[in-house]
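Here's the letter readout for the chains.
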Amino acid sequence: VFGGKVLAVFAIPGSGEGVLVKHGDYFTLYSNLKKVFVKTGDAIELRQAVGVISTNPQTGATELHFEIYRESEVQNPRSWIKNM
């Protein structure tokens with residue numbers, strides 16, 4: 001979404017890996033990752049890949065869980081994602 005700093009990389013039981021990134025007053029959370037390319041403390045750039053999304057073996061669905069916050073207030077992620 002924006003450049004920032006990786007605050008945490010963590011395992012989520014049953015949901016793969018997660019990455020929390022700080023962007024000034026904003027935070028983004030990316031989870032359902034099967035592989036992570038960043039580590040805590042890394043500076044990341046706009047459009048940098050943070051990992052590989054897991055695919056559900058039963059359904060074949062590949063879905064990223066994405067959340068964005070302004071401080072502690074949840075934001076609608078739809079308005080933050082650029083159409084590709």
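Just above sits the structure.
Throughout what follows, the structure given in this document is the object of discussion.

A closer look at the pattern of salt bridges
Now for step 1: Scanning the model with the defined rule gives one salt bridge in all.
Now for step 2: The salt bridge involving Lys39 is made with Asp42; its shortest N-O contact spans 3.1 Å.
Now for step 3: Given a relative accessible area of 55%, Lys39 falls into the exposed group.

Some details on unusual backbone geometry
Now for step 1: Notably, Asn32 is not glycine yet its phi reads approximately 70°, a positive angle.
Now for step 2: By the element assignment, Asn32 lies in strand β3 (residues 26–36).
Now for step 3: Look at Asn32 and you get partly exposed, because its relative accessible area is 23%.
Now for step 4: If you check the backbone angles, Glu71 has positive phi at about 55° while not being a glycine.
Now for step 5: Within the fold, Glu71 resides in the loop between β6 (65–70) and β7 (73–75).

Quick look at the packing of aromatic side chains
Now for step 1: Under the counting rule described, the total for this entry stands at one aromatic pair.
Now for step 2: Geometrically, the ring pair formed by Tyr30 and Phe66 is tilted, given 5.3 Å between the ring centres and 45° between the ring planes. Taken together, the residues Tyr30 in strand β3 and Phe66 in strand β6 connect sequence positions 36 residues apart. Phe66 matches Tyr30 in its accessibility class, with the two residues each being buried.

Rules behind the numbers
- Residues numbered from 1 in each chain as written.
- Predicted model: local features only at pLDDT ≥ 70, side-chain atom pairs only at ≥ 80, totals over all residues.
- Heavy atoms only, no water.
- Salt bridge = Lys/Arg side-chain N within 4 Å of Asp/Glu carboxyl O.
- Buried < 20%, exposed > 50% of the residue type's maximum accessible area, 1.4 Å probe, protein only.
- Helix = DSSP H or I, 4+ residues; strand = E, 2+ residues; numbered from the N terminus.
- Phe/Tyr/Trp six-rings, centres within 6.5 Å; stacked < 30°, edge-to-face > 60°.

Interpretation note: all reported values are geometric properties and have no functional meaning in isolation.
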